[in-house]
Amino acid sequence: MKIGILISGRGSNMLAIIDAVKSGEIPNSEVVVVISDKPSAPGLEKSRERGVETVVIERKGRSRDEHDAEIISELQKRNVELVCLAGYMRLLSKGFIHAFENRIVNIHPSLLPSFPGLDVQQQAIDHGVKISGCTVHFVNEDLDAGPIILQRAVEVKDDDTAQTLAARILDEEHGAYVEALRRIALGELSTGAKENAR
Ligand code: GRF
């Protein structure tokens, strides 16, 4: 399974995926490219250190469709079969989603469908929820709403700040993303169809 990873920043989930592919925990797979829309993304250097090719494709005032078309072309050139969003901070166009129908996966730091969007750890604290966590899901045209592959729960403590909660959730994210990709690589979940995500 040829994997392409899209990032915009730190890249800790990206690293977890690259390392799990190299160790064989995600079997029969290869991370063929990491693409960032930000030249300053710290994840780029980490990816290069591990010998994975990186490409920067900035938006540069172009439309979302034009920007996405260039990313799609870079992914298709390398025969990418599965696209992993790992802290990629842009919404994908319909064209992108159709080009990789049911073959785009995302990780989100809340228990969806609670708290889609941004600043979700602060929202969880503001709502007083006692359990939060992370969700790995297939990506469809609606924000943070595609079929759920798996979730991991994290307790919200009384003295948590958005930062402390985010750090505990992030620890779970790495294992959750690897487990989800392992299941996909093993053919247990071959598409984003809802019945497969159950
Ligand atoms: C993670 O919390 C992920 O759930 C969210 O963005 C953050 C990315 O972190 N989508 P990293 O770049 O993988 O370290």
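Source: prediction; values computed, not measured.

I would appreciate a short explanation of the packing of aromatic side chains in the present structure.
The tally for this structure, following the rule as stated, stands at one aromatic pair. Ring geometry for Phe 96 and Phe 100: centres 5.8 Å apart, planes at 40 degrees, overall tilted. The class for Phe 96 is buried, based on a relative accessible area of 0%.

When you look at helix H2 (residues 42–49) in this model, what are you seeing that I'm missing?
Turn by turn, an α-helix covers 3.6 residues, leaving residues three or four places apart pointing in a common direction. Turning to H2, its buried residues number three or more, namely Gly 43, Leu 44 and Ser 47. Along the long axis of H2, the arc covered by the buried residues comes to 105 degrees, so they all point the same way. As for H2, its buried residues are in contact with strand S1 (2–7), helix H1 (12–23), strand S2 (30–36) and strand S3 (54–56). Following H2 by one or two positions, Gly 51 has its phi on the positive side, about 80 degrees.

Looking at this structure, how should I read the pairing of strand S5 (residues 104–108)?
Walk down a regular strand and you will see the side chains alternate between the two sheet faces. Burial analysis of S5 places five of its five residues in the buried class, the great majority of the element. Neither face of S5 is exposed, since Ile 104, Asn 106 and His 108 on one face and Val 105 and Ile 107 on the opposite face are all buried. Across three bridges, the pairing between strand S4 (residues 82–85) and S5 is parallel. Note on S5: the bridge partner recorded for Cys 84 is Val 105. Once you follow S4 into helix H4 (residues 94–99) and on to S5, the crossover reads as right-handed. In this sheet, strand S6 (residues 131–138) lies alongside S5 in antiparallel orientation, the contact comprising four bridges. When the bridges of S6 are listed, Val 105 appears paired with Phe 138.

Would you mind going over the pattern of salt bridges with me for this structure?
Should the charged atoms of two oppositely charged side chains come close, the side chains can pair. One pass over the structure, following the stated rule, counts 14 salt bridges. A salt bridge links Arg 152 to Glu 172; the nearest nitrogen and oxygen atoms lie 3.5 Å apart. Of the two residues, Arg 152 sits in strand S7 (residues 148–155) while Glu 172 sits in helix H6 (residues 162–185), which places them 20 residues apart along the sequence. Judged by its relative accessible area of 25%, Arg 152 falls in the partly exposed class. Salt bridges here are not isolated pairs; linked through shared partners, they connect Glu 53, Glu 74, Lys 77 and Arg 78.

Teacher, can you tell me more about the site of the ligand here?
Around the ligand sit Arg 10, Gly 11, Ser 12, Asn 13, Gly 87, Ile 107, His 108, Pro 109 and Glu 173, and that is every residue in its neighbourhood. Residue Ser 12 places a side-chain N or O atom 2.5 Å away from an oxygen atom belonging to the ligand. Between an oxygen atom of the ligand and a main-chain N or O atom of Asn 13, the distance comes to 2.9 Å. When the free accessible area of the ligand is taken as 370 Å², the share hidden by the protein chains comes to 85%.

Quick question: what am I supposed to make of the environment of Phe 100 here?
Among the secondary structure elements, Phe 100 is positioned in the loop between H4 and S5. Residues Phe 100 and Leu 75, 25 residues apart in the sequence, show an inter-C-alpha distance of 9.8 Å. If near-sequence neighbours (up to four positions away) are discounted, Phe 100 is found in contact with Ile 72, Leu 75, Gln 76, Val 80 and Val 83.

I would appreciate a short explanation of the environment of Glu 70 in the present structure.
Of note, Glu 70 is situated in helix H3 (residues 64–77). Exposure remark for Glu 70: the relative accessible area of 32% places this residue in the partly exposed category. Between the C-alpha atom of Glu 70 and that of Ala 180, which follows or precedes it by 110 residues, the distance is 27 Å. In contact with Glu 70, not counting residues within four places along its chain, are Ile 57 and Arg 62.

Is there a simple way to think about unusual backbone geometry in this case?
Among all residues except glycine, the phi angle is most often negative; among peptide bonds, the trans geometry is most common. Put simply, Leu 112 and Pro 113 share a cis peptide bond, and its omega is 10 degrees. Mapped onto the secondary structure, Pro 113 falls in the loop between S5 and helix H5 (120–127). Residues other than glycine seldom take positive phi values, yet Asn 28 does so here, at roughly 50 degrees. By the secondary structure assignment, Asn 28 is in the loop between H1 and S2. Assessed through its relative accessible area of 67%, Asn 28 is described here as exposed.

Criteria and thresholds
- Along every chain, residues carry numbers that run from 1 in the direction the sequence is written.
- Two thresholds apply to this predicted model, a pLDDT of at least 70 for residue-level local features and 80 or more for giving and counting side-chain atom pairs, whereas whole-chain, interface and lining totals are computed over all residues.
- No hydrogens and no water enter the side-chain calculation; it runs on all heavy atoms of the structure.
- Centres within 6.5 Å are what make two rings of Phe, Tyr or Trp a pair, Trp counting through its six-membered ring; a difference in plane orientation under 30 degrees is then read as stacked, over 60 as edge-to-face, and the rest as tilted.
- Exposed residues in this analysis have more than 50% of their type's maximum accessible area, buried residues have under 20%, and partly exposed residues fall in between, with area computed by a 1.4 Å probe over protein chains only.
- Runs of E in the DSSP output that reach at least two residues are strands. Runs of H or I that reach at least four are helices, and both are numbered from the N terminus.
- Working definition: the arc comes from the directions between the helix axis and the C-beta atoms, pointing outward to the latter.
- Contacts were defined at the residue level, with two residues in contact if any of their heavy atoms lie within 4.5 Å.
- By this definition, two strands are paired if DSSP reports at least two bridges between them.
- Look down the strands so they point away from you; if going from the first strand over the helix to the second traces a clockwise path, that crossover is right-handed.
- Any Lys or Arg side-chain nitrogen located within 4 Å of an Asp or Glu carboxyl oxygen qualifies as a salt bridge.
- Any residue with a heavy atom lying within 4 Å of a molecule or strand is counted as near it.
- Polar contact is defined as a pair of N or O atoms within 3.5 Å, subject to the rule that within protein one atom must be able to donate a hydrogen and the other to accept it, and that residues adjacent in sequence are counted only when both atoms are side-chain atoms.
- The protein chains shown are the only cover counted for residues, whose accessible areas, like all others here, come from Shrake-Rupley with a 1.4 Å probe.

These results come straight from atomic positions and should not be treated as a statement about function.
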